[in-house]
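Spelled out, the chains give:
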Amino acid sequence: MPHSIRTATTDDAGALAALAAVTFPLACPPSASPEDIAAHLANTLSERHFQAYLADPEVTVLVIDADGGLRGYSLLVNRPATDPDVVAALNVLPSVELSKCYVHPEHHGLGAAAELMHASLAAAAEAGGKGVWLGVNSQNARAIRFYEKSGFRKVGAKSFRLGSTVEHDFVLERAVP
């Protein structure tokens, strides 16, 4: 499927929230309850939240645009990490957080995620980052394989609140090209 990767605009906030509602549950561990997933979507990935991300000068949102619809997105945060576990783990500074990186399941296996990652790493470098870090659920083997294939390596661990439960994430890091 033909697609392009571009920087999101405020007009994309609703479509990003709809895409997040499809893609975020796929990254959750099997034990995650529908209520916790719904709470996370409402508290972090709603249209209102995407509007705020898109208005923040320290946040870059890239989207995969295919056939007039969004099929993937990444969200980069260009500010120092504040979580003590992350701060202790990072080796390449300054570092940009790859906070979100999701592709619609219809685009899995087509190379779109690798293209989005490449564009995300370039955006991090353009923003002045020497490294990129992310947190990934320790049970998400598919995502971990993708990130390792993309040059990331495990450097630590952190906790992540998903609704009413605490999940355990690996902290992964890599230098930017």
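Refer to the structure above for everything that follows.
Residues numbered from 1 in each chain as written. Predicted model: local features only at pLDDT ≥ 70, side-chain atom pairs only at ≥ 80, totals over all residues. Heavy atoms only, no water.

Would you take a moment to explain the overall build of the chain for this structure?
The number of helices and strands found in the chain is six helices and seven strands. Secondary structure elements of the chain, listed N to C terminal, follow the sequence β-α-α-α-β-β-α-β-α-β-α-β-β. Its C-alpha radius of gyration of 15 Å places the chain within 12% of the 16 Å reference for a compact globule of 177 residues. Referenced to the eigenvectors of the C-alpha coordinate spread, the extents of the chain come out at roughly 40 × 40 × 30 Å. Counting over 177 residues, the chain shows a buried share of 45%. Excluding contacts between residues fewer than 6 apart, the proportion of contacts in the chain whose partners are at least 24 apart in sequence is 67%. (Helix = DSSP H or I, 4+ residues; strand = E, 2+ residues; numbered from the N terminus. Rg over C-alpha atoms; globule rule 2.2 N^0.38 Å. Buried < 20%, exposed > 50% of the residue type's maximum accessible area, 1.4 Å probe, protein only. Contact = heavy atoms within 4.5 Å.)

Looking at this structure, I do not really get the packing of aromatic side chains. What am I missing?
By convention here, two paired aromatic rings are described through the distance between centres and the angle between planes. For the structure on display, the rule yields six aromatic pairs. Their ring planes at 70° and their centres at 5.9 Å tell us that Tyr-147 and Phe-152 sit as a pair that is edge-to-face. For the pair formed by Tyr-147 and Phe-152, the shared burial category is buried. Ring pairs connect the aromatic residues Phe-24, Phe-50, Tyr-53, Tyr-73 and Tyr-102, which therefore count as one cluster. (Phe/Tyr/Trp six-rings, centres within 6.5 Å; stacked < 30°, edge-to-face > 60°.)

Sorry, what's going on with empty space enclosed by the protein here?
Which parts of space are left empty comes out when a probe the size of a water molecule is rolled across the atoms. In total, this model carries one cavity of 30 Å³ or more according to the counting rule given. The volume enclosed by the largest cavity comes to roughly 30 Å³. As for the largest cavity, its lining consists of Glu-58, Thr-60, Leu-76, Val-77, Asn-78, Val-96, Ala-123, Ala-124 and Ala-127. Of the residues that constitute the lining of the largest cavity, the class distribution is six nonpolar, two polar and one charged. (1 Å grid on protein atoms, 1.4 Å probe; cavity = no way out; pocket = protein on both sides within 12 Å on 5 of 7 lines; lining within 4 Å. Points joined across faces, edges and corners; volume = space filled by probe spheres on them. Nonpolar A, V, L, I, M, F, W, Y, C, P; charged D, E, K, R; others polar.)

What am I meant to see in helix 5 (residues 112–126) here?
Think of an α-helix as turning once every 3.6 residues; residues three or four places apart then point the same way. An ideal rise of 1.5 Å per residue puts 21 Å on 15 residues; helix 5 measures up with 21 Å between its terminal C-alpha atoms. Every buried residue of helix 5 is listed here: Ala-112, Leu-116, Met-117, Ser-120, Leu-121, Ala-123 and Ala-124. Backbone geometry just downstream of helix 5 places Gly-128 in the positive-phi region, at approximately 100°. (Expected span 1.5 Å × (residues − 1).)

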